[in-house]
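Here is what each chain is made of, one letter per residue.
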Amino acid sequence: MGTVVDDAASVEFHDFFERHYAELARLAHLLTGESDAADDLAADALLAMWHRWDRVRAADHPVAYARGVVANLARSRIRSAVRERRRITLFWSQRDESSENPDVPAVVDVQGALRSLPFRKRACVVLRHAFDLSEKDTALALGISVGTVKSQTSKGMAELQRLLGSAEGPSRVHAAVLRTGGAGGRNP
């Protein structure tokens, strides 16, 4: 259903893309310091522009608009990375306990069972039972609701009990993490 106007807009956007993609990727790289993310951010910015191309092409300075979109996407990426670093810091700073003589087979069993869980269930179980975080703190750390923490922890523990064949799941998870060097589950 391409019309002359649609085809003209498509050609015009393609020309804009070819002329400015490399510049926008360089801008993204300089703003984030991440060469891998730069191409993605530039592509995401151009995709957003394509969705609004009728307005963008009528603007006085479409390249300035594109730079603004890249800057906003880079800012969002940086903020997300900062939040993630804060969550990781929270995880690692909770405990600094360790055990002298780890029960290596038990640790291996629990770690294997934990790895088989989907990430959200695993994170909820580990934060609740190995790090003794409250439901509220776990929800805050993972950016999810308290109700989700409750359900994911319950489902994760049920799955661990099935995999480990024991009703002692919480204590085994806690003990296994402590035996591997404390918070964060460092390897023996």
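The shown structure was predicted, so the numbers you read here are calculated from the model rather than taken from an experiment.

Across its full length, the chain holds nine helices and zero strands. Counting every position in the chain, which comprises 188 residues, the buried fraction comes to 33%. Taking the intrachain contacts of the chain between residues at least 6 apart in sequence as the baseline, contacts between residues at least 24 apart amount to 68%. Carbon together with sulfur atoms contributes 52% to the accessible area of the chain, which is approximately 11400 Å² in total.

On the surface, a cluster of negative charge is made up of D36, D39, D40 and D44. Looking at the element boundaries, D36 is found in helix α2 (residues 35–51).

Moving on to the confidence of the model for the chain. The predicted model of the chain has a mean per-residue pLDDT of 77, with 77% of residues at 70 or higher. Looking across the chain, the model is least confident in helix α9 (residues 169–179), with a mean pLDDT of 58, and most confident in helix α8 (residues 146–164), with 91. Considering only residues more than four positions removed or in separate chains, one finds that residues 180–188, a stretch of pLDDT under 50, has 26 contacts.

Time to look at the packing of helix α6 (residues 119–130) against α8. At a minimum axis distance of 8 Å, the contact between α6 and α8 shows a crossing angle of 95°. As far as their axial angle goes, α8 and α6 are roughly perpendicular. Residue-level contacts link R120, K121, C124, V125, R128 and H129 of α6 to T148, V149, Q152, T153, K155, G156, M157 and L160 of α8. Split by residue class, the contact of α6 with α8 holds five nonpolar, five polar and four charged.

Below, the discussion takes up the packing of aromatic side chains. This structure, assessed with the given rule, holds four aromatic pairs. Relative to W50, the ring of F13 lies with its centre 4.9 Å away and its plane at 50°, an arrangement referred to as tilted. Highlighted residues: F13 in helix α1 (residues 4–32) and W50 in helix α2, separated in sequence by 37 residues. For the ring pair F13 and W53, a centre distance of 5.1 Å and an interplane angle of 80° mean the geometry is edge-to-face. Highlighted residues: F13 in helix α1 and W53 in helix α3 (residues 53–56), separated in sequence by 40 residues. Residue class for F13 comes out buried when judged on its relative accessible area of 11%. Look at W53 and you get buried, because its relative accessible area is 5%.

Procedures and definitions
Residues numbered from 1 in each chain as written. Predicted model: local features only at pLDDT ≥ 70, side-chain atom pairs only at ≥ 80, totals over all residues. Heavy atoms only, no water. Helix = DSSP H or I, 4+ residues; strand = E, 2+ residues; numbered from the N terminus. Buried < 20%, exposed > 50% of the residue type's maximum accessible area, 1.4 Å probe, protein only. Contact = heavy atoms within 4.5 Å. Areas by Shrake-Rupley, 256 points an atom, 1.4 Å probe, with all protein chains shown as cover. Patch = residues over 30% accessible without salt bridge, like charges linked within 9 Å, V, L, I, M, F, W, Y side chains within 5 Å. Salt bridge = Lys/Arg side-chain N within 4 Å of Asp/Glu carboxyl O. Lys, Arg positive; Asp, Glu negative; His and termini not counted. Charge placed at Lys NZ, Arg CZ, Asp CG, Glu CD. pLDDT = per-residue confidence, 0-100. Axes fitted to C-alpha atoms, helices over the stretch in contact; angles between N-to-C directions. Parallel < 35°, antiparallel > 145°, perpendicular 65-115°, else oblique. Nonpolar A, V, L, I, M, F, W, Y, C, P; charged D, E, K, R; others polar. Phe/Tyr/Trp six-rings, centres within 6.5 Å; stacked < 30°, edge-to-face > 60°.

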